[in-house]
Amino acid sequence: MSPDTSPSTPLSWPAWSSLQARARAGVPHLRELLADPNRHTYSASAPDCGLHLDYSRQAVTDGVLAQLMALADQADVAGQREAMFRGDVINTTEQRAVLHVALRGAPGATGNDAPWGADIQAQVHTELARVLDFARAVRSGQVTSSTGEAFTDVVNIGIGGSDLGPRMATEALDALTVHATGNPCGTGPRVHYVSNPDAWALHSTLRGLDARRTLVIVASKTFTTQETMTNAASARRWLADAGMEGEAQSQHLVAITASPQRSGAAGYPAAHTFTFWDWVGGRYSVWSALGLPLALAIGPEAFADFLAGGCAMDRHFRTAPFSANLPVLMALAGVWNRNFLDCPTQLVSTYPSRLAKFAPFIQQMDMESNGKRVQKGNQPCPVGTGPIVWGGLGIDGQHAYFQLLHQGTHRVPVEFVGITAEDAPLPLAAEHHRVVNLNLRAQAQALALGRDEAATLAALKTEGRSDADAHALTAQRSFAGNVPSSTLWLDALTPHRLGALIALYEHKVFVQAAIWGINAYDQWGVELGKTMAKAMEKAGA
Ligand code: F6P
């Protein structure tokens, strides 16, 4: 089929052709671009979110940037953005609005601050109050187990969006989950996450726990996911084996779902059932009742701060001009790398150890959203869509896969994430922090600049190598450089800043989908495997 060039598709937009021409003509090496003393102006901040984006190491010039901005205009990103915030049915294959932004709307907001309308605003805040009250009551010991004891442990059973977000955020906000000495419950219960239905995953979590003081949360938007239901049945058996059955077991069970009818039919008590709605995608649901395990871990006030951070980023996304708009800039850099510089992957490299699970979380958000080949109008997308997103902790990566970034044959754009302030309660924390950020900055610079053969030869001679040795090693020890990267700096890793960071990535994904003309909010691609498993089960395979 020949590519669709109708007015609504990227290939028909003048900015697309102009960017193609610029990419063909070539962009100067980053070594040259970074030699410009004004290059530091390639940066933008969202002060209310505590975030700063340095994109000076993206392979862009003023001319490229201008065309990328034009591309966003020609794709009507602003119009599409407002349609989402208004609650238009932008998830067209499921006929749903996409309103995770409403979940973090400010309490009491009206008018342009709550464009989704009063009904949704009321629904969200009623359920949020239930979630926060429950979290408060469990943490204070007011809600107790069937034996009248405070809950010391919570096990969240869920997978995909019902696991990755709360799990990542609980670890990221570890500073708030410290358990007071002497009290096994401390300021909040320990929260564990189980996603894999491999029995060892559940066993290795449960074996250290006392069933009489454990709360089991079953988190599933659909309440049909086989992996989650398998783990839930096993956890209920574990409670029963410890003497908790019937009404007693109910006191240890919580359901979080958009299908309370199903969880009710499965015996989960209504008072312990928290809901969200079909207009919240699983991978966008950490802000909803699905955030309950996080609220249990960090406390209701901190969870409210987390929501406020997301809301602050929404304001930035809706009001900052595109040239200073963090999600838009990150999305456009991604489109430039993906569609014009032919980089099929995107590495997310976090340096704070507490953000170890950030890349896998973003991986689902991005790849399940933008891993699509058909546009909203049912035409094959004529240009490449979502990149392969991968990553993890940058420091560990340096000692593993960074070799390929520096000297392999792939050009892998990187998004570095770091924190400017350190807060770990160790006497030498400042030194740890210095080493971590030094490495982040050094990697970004080394990837951009590389080292040409002349510089390598000189370096080898300085090392004391003979002329012959130096020449023999020059090719092996040289670096092409010119690897594009951005660095996102958080001023601190607080609930508010984490909320803003997640919302930033959500909007980045949105902007890219808006340009590619795809629906970022369905996930039909995961269905065939599920159907196949059912068919095989039925056939007795
Ligand atoms: O199979 C993919 C998926 O549907 C994700 O989109 C979702 O986050 C995950 O499964 C879990 O689904 P549920 O919350 O309905 O159990």
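Read on for a plain summary of the structure.

Before going further, it helps to examine helix α3 (residues 62-74). Its 13 residues give α3 an end-to-end C-alpha distance of 18 Å, which sits within 8% of 18 Å, the value for a rise of 1.5 Å per residue. Burial in α3 covers these residues: V64, L65, L68, M69, A70, L71 and A72. In this structure, the buried residues of α3 make contact with α1 (14-25), α4 (77-86), α13 (326-340) and α20 (495-516).

Attention now goes to the sheet that holds strand β10 (residues 414-419). Sheet architecture is open: six strands sit in the order β1-β2-β11-β10-β8-β9, paired in mixed fashion. Each end of this open sheet is capped by a strand with a single partner; those strands are β1 (43-46) and β9 (388-393). Each adjacent strand pair in this sheet contributes to an overall mean axis angle of 15°, direction not counted. Looking at chain direction, β10 and strand β11 (residues 485-490) are connected through six bridges and run parallel. Within β11, the residue paired with V417 across the bridge is L488. Against the sheet, helix α17 (residues 429-449) touches β10 and β11, its axis set at about 160° to β10. Against the sheet, α20 makes contact with β2 (51-54), β8 (345-350), β10 and β11, and its axis sits at roughly 150° relative to β11, the strand it touches most.

Turning to the pattern of salt bridges, a few remarks are in order. For the coordinates displayed, the defined rule picks out 28 salt bridges. The residue R86 makes a salt bridge to D88 at a minimum N-O spacing of 2.7 Å. Judged by relative accessible area, which is 45%, R86 ranks as partly exposed. Across the pair R130 and E127 runs a salt bridge whose closest N-O atoms are separated by 2.9 Å.

In this section: the packing of aromatic side chains. What the rule picks out here adds up to 15 aromatic pairs. On the basis of an interplanar angle of 50° and a centroid distance of 6.4 Å, the ring pair of F358 and F361 is categorised as tilted. You can see F358 and its partner F361 sitting in helix α14 (residues 358-370), three residues apart, about one turn around the helix. Overall, F358 belongs to the buried group, its relative accessible area being 0%. A relative accessible area of 3% means that F361 is categorised as buried. Considering the side-chain rings of Y401 and F402, the 5.7 Å spacing of their centres and the 40° angle between planes classify their relative orientation as tilted. For Y401, a relative accessible area of 25% corresponds to the partly exposed category. You can call F402 buried: its relative accessible area is 1%. Taken together, the aromatic side chains of W16, W336 and F340 make up a single cluster linked through ring pairs. Its end group placed over the ring of W287, R104 keeps NZ or CZ at 4.4 Å from the ring centre. Between the NZ or CZ atom of R236 and the centre of the ring of Y268, over which it lies, the distance is 4.8 Å.

Definitions and limits used
- Residues numbered from 1 in each chain as written.
- Predicted model: local features only at pLDDT ≥ 70, side-chain atom pairs only at ≥ 80, totals over all residues.
- Heavy atoms only, no water.
- Helix = DSSP H or I, 4+ residues; strand = E, 2+ residues; numbered from the N terminus.
- Expected span 1.5 Å × (residues − 1).
- Buried < 20%, exposed > 50% of the residue type's maximum accessible area, 1.4 Å probe, protein only.
- Contact = heavy atoms within 4.5 Å.
- Pairing = 2+ DSSP bridges.
- Axes fitted to C-alpha atoms, helices over the stretch in contact; angles between N-to-C directions.
- Salt bridge = Lys/Arg side-chain N within 4 Å of Asp/Glu carboxyl O.
- Phe/Tyr/Trp six-rings, centres within 6.5 Å; stacked < 30°, edge-to-face > 60°.
- Lys NZ or Arg CZ within 6 Å of the ring centre and 35° of its normal.

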